[in-house]
Amino acid sequence: MPRTTAALLALSAVVLTGCEPTTDEVASMVTAGAATTYDDALELREDIIAAGLQCPSTDQVVVPAENGIAYLECDKGMTAIAMAVASSKEDMEELVGARDNTGPGATPVLHAANWMVVAQDEAPLRQLQAELGGTIIPAS
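What you are looking at is a predicted structure, and each value in this text was computed from that prediction instead of being measured.

Counted under the stated rule, the structure contains one aromatic pair. On the numbers, 6.1 Å between centres and 80 degrees between planes, the contact of Tyr-38 with Trp-115 is edge-to-face. In this pair, Tyr-38 is assigned in the loop between helix H2 (23–34) and helix H3 (41–50) and Trp-115 in strand S5 (residues 115–119), connecting sequence segments 77 residues apart. Here Tyr-38 and Trp-115 have matching classes, each one buried.

The following block contains the structure:
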C-alpha cells in the first residue's frame, strides 16, 4: 500500500468518525504500506506504473516454474527497469545478498519484503521508494 493510500485512510478516519487516529494508528498504516508483498512481478508492475514510471512489458518469467522467483524486465532501453518477486521474504533476502553491487556494470537496487527493483540509476528508484517504501542499495 503506497504511503499516499495510508495517508488517505488516516484522513478518512478523521472525516468519518470526527476524531483523529492516534499516532500509533497512523504509523501502523504507513508501516503496513512499506511492507507490501506481491504475488508476482505483474502485480508489482502495476504499482510501478501507478507511481508514474513506464513499464510496457508484461513478459513475466518464473524460475523455477513452480514457486520460483518471478522476473520482469520493463524494457531494454537505457532507462531499463527490471524487477523480481520471490515467494518469501527469506528468498528475497538471499537474492539481494547474492547481488554484487560493485564494479563496472553495477546497478542500484530498491528492495523490501519479497520484492526488488533494479534500474540503471537511482532516480526512478527514489521515485518508487516514495510510493512503495523499501531500501535502496546504491551501486558502488
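More follows now that the structure is in view.
We now examine the pattern of salt bridges. Inspection of every chain in the model, using the stated rule, returns two salt bridges. Close ionic contact of Glu-46 with Arg-45 constitutes a salt bridge, the shortest N to O distance being 3.0 Å. Residue Arg-45 is classed as buried on the basis of its relative accessible area of 11%. Across the salt bridge formed by Glu-122 and Arg-126, the nearest N and O atoms sit 3.5 Å from each other. Here Glu-122 and its partner Arg-126 are both found in helix H5 (residues 122–132), four residues apart, which amounts to about one turn of the helix. Given a relative accessible area of 45%, Arg-126 falls into the partly exposed group.

Within the open sheet, the six strands sit side by side as S1-S2-S3-S5-S4-S6. Their pairing is antiparallel. Among the strands making up the open sheet, the edge pair consists of strand S1 (61–63) and strand S6 (135–137). The sheet shows a mean angle of 20 degrees between the axes of neighbouring strands, taken without regard to direction. Sheet topology places strand S2 (residues 69–73) next to strand S3 (residues 81–85); four bridges connect them, and they run antiparallel. By the bridge assignment, Tyr-71 is partnered in S3 with Ala-84.

Regarding H3, the residues found buried are Ala-41, Leu-44, Arg-45 and Ile-48. Relative to the axis of H3, the buried residues are bounded by an arc of 105 degrees and lie together on one face. On its buried face, H3 sits against S2, S3, S5 and H5. Looking at the residues trailing H3, positive phi occurs at Gly-52, about 100 degrees.

So, on to the state of the cysteines. Two cysteines whose sulfur atoms are joined by a covalent bond form what is called a disulfide. Inspection of every chain in the model, using the stated rule, returns one disulfide. Between the sulfur of Cys-55 and that of Cys-74 lies a disulfide, 2.1 Å long from S to S. With the S-S dihedral at roughly -90 degrees, the linkage between Cys-55 and Cys-74 falls on the left-handed side. Of this pair, Cys-55 sits in the loop between H3 and S1 while Cys-74 sits in the loop between S2 and S3, placing them 19 residues apart in sequence.

Reading the values: rules and limits
- Residues numbered from 1 in each chain as written.
- Predicted model: local features only at pLDDT ≥ 70, side-chain atom pairs only at ≥ 80, totals over all residues.
- Heavy atoms only, no water.
- Phe/Tyr/Trp six-rings, centres within 6.5 Å; stacked < 30°, edge-to-face > 60°.
- Helix = DSSP H or I, 4+ residues; strand = E, 2+ residues; numbered from the N terminus.
- Buried < 20%, exposed > 50% of the residue type's maximum accessible area, 1.4 Å probe, protein only.
- Salt bridge = Lys/Arg side-chain N within 4 Å of Asp/Glu carboxyl O.
- Pairing = 2+ DSSP bridges.
- Axes fitted to C-alpha atoms, helices over the stretch in contact; angles between N-to-C directions.
- Arc of directions from axis to C-beta.
- Contact = heavy atoms within 4.5 Å.
- Disulfide = S-S within 2.5 Å.

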